[in-house]
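Structural characterization, general
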Amino acid sequence: MNNLNFIVGAMTALRYFVPLVIEGKKRNLECFFYLGKDNGKYNSVRRSDNLNYLISLAKILGVHLRDHSDVRNSSGPVFQIEAECKWEGKNKNNGKKIAITYMADYAMGGTYLKCLKDVDHVLFPSKELAKAYGCLSEKNIYFGSPKYDIEIGNREHICQKYGIDSSKKFALYAFPKTRDNSKVNTHLITSEVKKRGYQIICKSRAKDVIPDCEKKYFDKIFYDASWYPHTTMELLSISDFLINFESTTSKEAILLKKPIIDFKVKPKTNSTGERIATFKFLYGYEFFRNISEKDINQKTISKSIDFIVNKDNNKLIDDSLNDCIRKYFFEVKNTCSKIIDFALGVNF
């Protein structure tokens, strides 16, 4: 019997691995999580709360938990997130080693090249994304991302889960990194959104703590309450649009077909003034309303919000989202099935 093996270096890997496990279980495959070492971060698999979550999840899914050091004794394909917990050589039956790209990290800090050295294949969402970042290789495979091949609960279920009034309309505020928050006028942005009758759900990460003085601007605040299904995706699914600060949350928004107001507050990368722009090649689409740091003012913010909430623009926004998905991304349905077929050598 073939097994599916997953190196879980951090809790964030679950967004990508659990959908593959669910598909594998449909095929009666045994699945194994090989847990990495303590990385000292909020998403460490060795933190007591996270480890308890993993143990509970493994029981629900029927997954076997092992230490990362045991991966060489595994059989079947091995999945990892980029270069996390990399290991040399092969397992017992020479199973394929497949690295899954995590958001856009592969384009920064030489991560992609580190992947190429130690794996058989690197899974990209699409060839166009790989091309955009100069990451083309014969080792690449293009089947989308398993993270999005999931069934998100309906609006009522999600609102009940998070204690939200389902009769309201929402905007999701992806809180900026602590490094960038001083460049943001939180009060101005949130007040303009609320004028249009929206409640604002704020989502941040444990490493980017929301200052006490800013909590009053939000109707609800969440950190990573659920590793799978991921909190951000669930909250985005019930929101009308995303307020973003150049984070890769924009990718989730696009694949959930939500328009974006994006504030350009990331720092310069070099003396030319070029910014760290994760998806710069997408900024020209109509669903992407871009506001530079120097243009964070009432007039510009108001104009961007009004464009998005104006029903006369719905078709224009929807068409641009669909065009973007066709060119740069993928249709999410059956992504996991295609990945597992490839990993097991089925129909390839």
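Preceding this section is the structure that the text describes.
A few points on the structure. These figures come from a predicted structure and were not determined experimentally.

With that settled, the discussion passes to the nonpolar core. Grouped together as the largest cluster of nonpolar side chains are 95 residues, with contacts concentrated most on Phe17, Phe33, Phe79, Tyr173, Ile254, Phe263 and Phe329. Sequence-distant contacts of Ile254, defined by excluding residues within four places in its chain, comprise Ile260, Leu282, Phe287, Phe288, Leu321, Cys324, Ile325 and Phe329. Residues Cys115, Val122, Phe124 and Cys135 belong to the second largest nonpolar core, which totals nine residues.

What follows covers the sheet that holds strand β10 (residues 220-222). Sheet strands pair via backbone hydrogen bonds, and the direction of the pair is either parallel or antiparallel. One open sheet holds the six strands; their spatial order is β10-β9-β8-β11-β12-β13, and the pairing between them is parallel. The strands lining the two open edges of the sheet, one partner per strand, are β10 and β13 (288-292). Each neighbouring strand pair of the sheet contributes to a mean axis angle of 20°, computed without reference to strand direction. Direction of pairing for strand β8 (residues 170-174) relative to strand β11 (residues 241-244): parallel, over a ladder of three bridges. Directly across from Leu172, in β11, lies its bridge partner Leu242.

This next bit is on the packing of aromatic side chains. Within this structure, the stated rule accounts for 22 aromatic pairs. Here Phe143 and Phe342 contribute two aromatic rings whose centre-to-centre distance is 5.6 Å and whose plane-to-plane angle is 50°, an arrangement assigned as tilted. Of the two residues, Phe143 is situated in the loop between β7 (140-142) and α5 (155-162) and Phe342 in helix α11 (residues 335-344); the sequence distance between them amounts to 199 residues. Phe342 carries the same exposure label as Phe143, and that label is buried. An aromatic cluster is present here, built from Tyr133, Phe279, Phe281, Tyr328 and Phe329 joined pairwise through their rings. The positively charged end of Lys96 is found above the aromatic ring belonging to Phe342, 4.1 Å away from the centroid.

Attention now goes to the side chain of Asp224. Inspection of the secondary structure assignment puts Asp224 in the loop between β10 and α7 (231-237). Looking at Asp224, its side chain comes within polar contact range of the side chain of His230, at 3.0 Å. Beyond its immediate stretch of four places on either side in the chain, Asp224 contacts Tyr42, Lys203, Ser204, Arg205, His230 and Thr231.

Take the pairing of strand β12 (residues 260-264) next. β12 sits mainly inside the fold: five of its five residues count as buried. Relative to β12, β11 is paired through three bridges, and the arrangement is parallel. Opposite Ile243, over in β12, you have Ile261 as the bridge partner. The handedness of the β11 to β12 crossover, carried by helix α8 (residues 249-255), is right-handed. The sheet contact formed by β12 and β13 spans five bridges and is parallel. Counterpart to Asp262 in the pairing with β13 is Asn290.

At a minimum axis separation of 10 Å, helix α6 (residues 186-195) and helix α9 (residues 298-309) run at an interaxial angle of 40°. Accordingly, the angle class assigned to the pair α6 and α9 is oblique. The handedness of the crossing between α6 and α9 is right-handed. Counting all contacts with α6, which are made through Leu188, Ile189, Glu192, Val193 and Lys195, the residues of α9 involved are Gln298, Ile301, Ser302 and Ile305. By residue class, the composition of the contact of α6 with α9 is five nonpolar, two polar and two charged.

A few words on the sheet that holds strand β3 (residues 63-67). Across the sheet, seven strands lie side by side as β3-β2-β1-β4-β5-β6-β7; this open sheet has parallel pairing. Of all strands in the sheet, those bounded by a partner on one side alone are β3 and β7. Here the strands of the sheet are splayed against their neighbours by 25° on average, with no regard to which way each runs. Judged from the four bridges that link them, strand β4 (residues 78-81) and strand β5 (residues 97-100) form a sheet pairing that is parallel. If you follow Phe79 over to β5, its bridge partner there is Ile98.

This next bit is on the pairing of strand β6 (residues 121-124). Here β6 shows no split at all, with His121 and Leu123 on one side and Val122 and Phe124 on the other all buried. Judged from the three bridges that link them, β5 and β6 form a sheet pairing that is parallel. If you follow Ile98 over to β6, its bridge partner there is His121. With three bridges connecting them, β6 and β7 associate as parallel partners. The residue of β7 that forms the bridge with Phe124 is Tyr142. As a crossover connection, the stretch from β6 through helix α4 (residues 127-132) into β7 is right-handed.

Criteria and cut-off values
- Residues numbered from 1 in each chain as written.
- Predicted model: local features only at pLDDT ≥ 70, side-chain atom pairs only at ≥ 80, totals over all residues.
- Heavy atoms only, no water.
- Core = buried A, V, L, I, M, F, W, Y, C linked by side-chain atoms within 4.5 Å.
- Buried < 20%, exposed > 50% of the residue type's maximum accessible area, 1.4 Å probe, protein only.
- Contact = heavy atoms within 4.5 Å.
- Pairing = 2+ DSSP bridges.
- Helix = DSSP H or I, 4+ residues; strand = E, 2+ residues; numbered from the N terminus.
- Axes fitted to C-alpha atoms, helices over the stretch in contact; angles between N-to-C directions.
- Phe/Tyr/Trp six-rings, centres within 6.5 Å; stacked < 30°, edge-to-face > 60°.
- Lys NZ or Arg CZ within 6 Å of the ring centre and 35° of its normal.
- Polar contact = N/O pair within 3.5 Å; in protein donor to acceptor, adjacent residues only side chain to side chain.
- Right-handed = clockwise from strand over helix to strand, strands pointing away.
- Parallel < 35°, antiparallel > 145°, perpendicular 65-115°, else oblique.
- Left-handed = near helix turned anticlockwise from the far one by under 90°.
- Nonpolar A, V, L, I, M, F, W, Y, C, P; charged D, E, K, R; others polar.

In short, the description is geometric, and any link to function would need to be established separately.
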